[in-house]
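Single-letter residue listing:
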Amino acid sequence: MIRLNEQCSAPAFRMLSIRSVAVCLLLLLVILFYKSEALVKAGAITNGEPSTIAVPADIPPCDYYASPTGSAQGNGTISNPWSLQTALNKTTVIVAEKTLCLRGGIYQGKFQSLLNGGTVRAVTDEYPIINGYLYTTLLENIDSLQTTITVSDASAFVTPWRLGGTSTLIVDGEALYINGISGNTITVNRAAAGSSTGAVPHAAGAVVRIAGSQLTVTGSNTTYRDIEITNSDPLRNWNTDGAEGLRGAGVFNTGNGNKFVNLSVHDNLNGIFSGSSSSNTEIYGCLIYNNGVFDDTDQGKGHGLYLENASGYSRVYDNIVLNNFGLGAQLYGRTAAYPGGDIQGNVFSNSGSPLGYDLRHYNLLVGTETQRISDILIQNNFLFHPHNINGYNVVFGYGAGVDNGHILNNHIVGGENIGLELTGVSNVTVTGNKFFSEGSPGINIQSSELPYTIDNNTYYATSANAYKFGNTTDVLTQKFAQWKASTGFDAASTINANDMPDTAIVRPNSYMSGRANIVVCTSTGSPLINVNLSSAGLMNGQSFTIKNAFNYQGAAVASGVYNSTAPTISLSLNGASTNVATPVGTTFTPSTTLPHFGVFVVVPSSIPGTPTPTFTPTPTFTPTPTFTPTATFTPTATFTPTPTPVSFVNGTVTYGNAVGSPNLRFVSNVLISAAGSPPSSTLSTFPSGTYSLGVGLGSYSVTPSKTGGQNGAINSFDAARISQFVTGIITFTPGQQAAADVSGNGGVNSFDAAQVARYTTSSPPFGATGTWRFSPVNRNYLMSSSNIADENYSAILLGEVSGNWANTVARGVNTSGPERSISITAPYLTTPSGNEIVVPISVERIADKDIISYEFDLRYDPAVIQPLVDAVDVAGTVSRGLHTVFNANEPGILRVAVYGSMPIDGNGILLNLRFTAVGEPGTASPLVWERLTLNEGTPNAATNGQITLSQTRP
């Protein structure tokens, strides 16, 4: 490092000669030049490096660099950068207040960040892209039994697999779990979790894709910003191309205190997924669009935001979430918690539009299946569906419900269904909101958990007879005056029988001065709207462009130089403003939402007066070998009845194992297929389970079928109940016996219990567990012109014997039952590296609670510890009379199910887990509980633990 000569120090400076002063000034200039990384971005200087452009004050300076052409042997400088994965492993170098800068270009593959502090960002005015589409090809044919495959190039798969990140390959829709890689030979488990098929043969030359998320973040307290994250794989059909494993999330976060800022996240499965072990996550200013896949229904899979949270608030601010296949944002845990959040200033729009159907999905869903949300704020958001499309905007309190909620000052616009539905909320305040629909705006209450405060809202509807207000006894039938009179709500609110006034909202970006989101809503169809940029944070004389958020990588819709004395611009709503990005792998482009609705991003230049930076769109990725699969998407809905049916077969699908209450449940999304001339099909409806199948004349064979929809209802408790039935402790109804026979041998035995337990840990084989069986299997008809009624079917979900399945979520997960008093604790242990470790899991207050099963996922760091072959041991513990099934195939997670016929009768050690310490001395692995249930309830306390490897080896 260069230092000032001692004679240039401040106390001596005034005594120097003119020549010495000149020397000191020269030295100061040299220091400023070499320390310019604190002030400038990378560029060409005299030694051949790129030239510099000043970095805005609110962007942290670069300390280290990664590049698409960097290497593991680099030193992190601009001239010798690291590869991205090498940089994301530098946990002792990139720490708090340090910044890793990514050079522009494509980072191909899957990456995992272990960082615990600092910032990962783009080099200013450069455009780094993480693209998870990475594949090779099979060199030889393989049959359905082979567990060793040879590929043309396995080198790119090694790093994520060894890190405990991505560990699954997809071939023709089958998922293959990686057990080991040696050269180009890979040992695998067949038909792993995420498959669309079973184990099937594959031909030489078949494409072998790497599955999993593009960026998995397991570290904590790190900021990721100004990066594009995508997957350009042209296949995206859930049912044929690899189900959940194929595309992966753009960001999969499991850490604490991470921030995701100004990212562009598109064409993944879920845009940003924050897992159940994460906490205090912040998602700010991100553009999240076109995420999800087809599933050959009008539902689709994959959401813009899928948020769980172990503890602490999540903060979701000023994001733009558009045109995702599933939901816009799902603040929701299937079996995990989402204790609360702060959702402000976001745009959620047009969810479900890439499917090509005349309906839309929820823009915002708030609620978890098993654990109530304690407190949540929904404020200053803008939610939009097209006015002529059937679609909900906000469902608040879904599933287990919400204790306290505030829905304040939001714009809830469009859709021909409900603007806001409240269900399962104990306390909610709904004030200051604007509701607008060309048909009927409104609020629907499906909960009696009052008191609510609903007032000071403004409703707009082009019909003076707007009627979509309702509660549990009078659903959606009340006009506004009736609503106020019958409920006492909205006493000071107003309704207007006209359009909402044209609106332009500007929200400045807190992380980048001059960047801002613009939301435009017009009813007049005007080709122009005036937008005041004075709040955007631009400096006088600073250049800017305005990008269309629906087509961010396309041409700018406007550009200019900011003039603080005339801050208002006229923004065109024609031309480039109406362009919409086509999702990768499809030929269908969602329609524009203009003139009613548009979203734009103000992009500032680096410093005032510099030329507007040239936007670099995502480069087209053409790997070797070139692979061009045929697109599978057909925008016309698959389940379209015969256009001109002569008659109809009508009926209802009910659940055949409805143990307990309610004893009558319906099953939706059952495909009713008619083989005849012409063929026909339809789906049973939600929530009534009814169907109406249009057919022609002549002979028809009608068959019901269903895929998916297990709704988390099958767990180790079902395995335990089967064990109790086999040993004569309990009896089963005929429906339970049919559900228990997952092996298909016509009876129920302990083998069925074992297969159900294996299903809960994703450990094939598990027979027919999780599939649907119908009674009758089919029906035959000789159709005339008369309709046929009451052709009903009974559906049974194999493996689900406790009767907790429901049409939307799994029922019966106790949040107030005896399981709540139980406490489970993982220890803090210190051991030398190289040792085998016995990890005792202790339990309190479990005795005499009739606990016959429990299951959990335990997260750990595979670089520090790894499970032994006999990883689970119940000998000598309070679980000694129970059976165990576990799955340790995925590095970093141990899945365990324990079940039996006799309940646990004492407190103490629940079970022992066995690991080997493989990390370096001084490293540590957390032990983090996920998906922990006892019977079908959750414990009140589950304390995480840690394994630390001591500095001395044995």
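None of these values were measured; they are calculated from a predicted model.

Student: Any details on the overall build of the protein? Residues and values, ideally.
Tutor: For the protein, the count of helices and strands is eight helices and 70 strands. The buried share among the 954 residues of the protein stands at 55%. Expressed as a percentage of contacts within the protein between residues at least 6 apart in sequence, the contacts between residues at least 24 apart total 71%. Looking at the protein as shown, the accessible area adds up to about 36,100 Å², and 53% of this sits on carbon and sulfur atoms.

Student: Please provide a residue-by-residue account of the environment of Phe 550, values included.
Tutor: Take Phe 550: it is sitting in the loop between strand E48 (543-548) and strand E49 (558-561). With near-sequence residues (within four places) excluded, Phe 550 lies in contact with Leu 322, Asn 323, Ser 349, Asn 579, Val 580, Ala 581, Thr 593, Phe 597 and Val 599.

Student: Tell me about the sheet that holds strand E67 (residues 908-917), residues and numbers included.
Tutor: Here five strands make up an open sheet; going across it, the order is E64-E67-E62-E60-E69 and the pairing mixed. Bordering the open sheet on either side are strand E64 (865-873) and strand E69 (941-943), each of which pairs with just one other strand. Mean inter-strand twist for the sheet, computed between neighbouring axes without regard to direction, equals 20 degrees. Here E64 pairs with E67 via five bridges, running antiparallel. The partner of Ile 865 across the bridge, within E67, is Ala 917.

Student: Residue-level account of the state of the cysteines, with values.
Tutor: The final tally for this structure, using the stated rule, is one disulfide. Bridging Cys 62 to Cys 101, the disulfide has an S-S length of 2.1 Å. Negative torsions about the S-S bond denote left-handed disulfides, and the value of about -90 degrees found for Cys 62 with Cys 101 makes this one left-handed. Here the residue Cys 62 occupies a position in the loop between helix H2 (18-34) and strand E1 (64-71), and Cys 101 occupies one in strand E2 (residues 99-102), the gap between them amounting to 39 residues. Accessibility classification places Cys 62 together with Cys 101 in one group, the buried group.

Student: Residues and numbers for the nonpolar core, please.
Tutor: Residues Leu 100, Leu 305, Ile 376, Phe 396, Leu 422 and Ile 443 are the most contacted members of the largest nonpolar core, which totals 62 residues. Non-local contacts of Leu 100, meaning those with residues more than four positions away in its chain, are made with Tyr 64, Tyr 65, Ala 66, Trp 82, Ala 87, Leu 88, Ile 94, Thr 119, Val 120 and Arg 121.

Student: Outline the packing of aromatic side chains, listing residues and values.
Tutor: What the rule picks out here adds up to 24 aromatic pairs. Between Tyr 133 and Tyr 135, the aromatic rings sit 5.0 Å apart at their centres with planes inclined by 45 degrees, giving tilted as the arrangement. Neither Tyr 133 nor Tyr 135 differs from the other in exposure class; each is buried. Site record: aromatic cluster; members linked through ring pairs are Phe 382, Phe 384, Phe 550 and Phe 597. It is Lys 547 that lies over the ring of Tyr 552; its NZ or CZ is 6.0 Å from the centre. The residue whose ring lies beneath Lys 706 is Trp 772, and the NZ or CZ to ring-centre distance is 5.6 Å.

Student: Tell me about the pattern of salt bridges, and name the residues and values.
Tutor: This structure, assessed with the given rule, holds 19 salt bridges. For Asp 318, the salt bridge is made with Arg 507, and the minimal N-O distance between the two is 2.5 Å. Residue Asp 318 is located in the loop between strand E23 (314-317) and strand E24 (320-322), and its partner Arg 507 is located in strand E45 (residues 503-508); the two are separated by 189 residues in the primary sequence. Given a relative accessible area of 7%, Asp 318 falls into the buried group.

Student: Describe helix H8 (residues 750-760), and please don't skip the residues or the numbers.
Tutor: Within the span of H8, buried status applies to Asp 752, Ala 753, Gln 755, Val 756, Ala 757 and Thr 760. Buried residues along H8 sit against helix H6 (716-726), helix H7 (734-740), strand E63 (853-859), strand E65 (883-887), strand E66 (893-899) and strand E68 (924-934).

Scoring rules and cut-offs
- Residues numbered from 1 in each chain as written.
- Predicted model: local features only at pLDDT ≥ 70, side-chain atom pairs only at ≥ 80, totals over all residues.
- Heavy atoms only, no water.
- Helix = DSSP H or I, 4+ residues; strand = E, 2+ residues; numbered from the N terminus.
- Buried < 20%, exposed > 50% of the residue type's maximum accessible area, 1.4 Å probe, protein only.
- Contact = heavy atoms within 4.5 Å.
- Areas by Shrake-Rupley, 256 points an atom, 1.4 Å probe, with all protein chains shown as cover.
- Pairing = 2+ DSSP bridges.
- Axes fitted to C-alpha atoms, helices over the stretch in contact; angles between N-to-C directions.
- Disulfide = S-S within 2.5 Å.
- Core = buried A, V, L, I, M, F, W, Y, C linked by side-chain atoms within 4.5 Å.
- Phe/Tyr/Trp six-rings, centres within 6.5 Å; stacked < 30°, edge-to-face > 60°.
- Lys NZ or Arg CZ within 6 Å of the ring centre and 35° of its normal.
- Salt bridge = Lys/Arg side-chain N within 4 Å of Asp/Glu carboxyl O.

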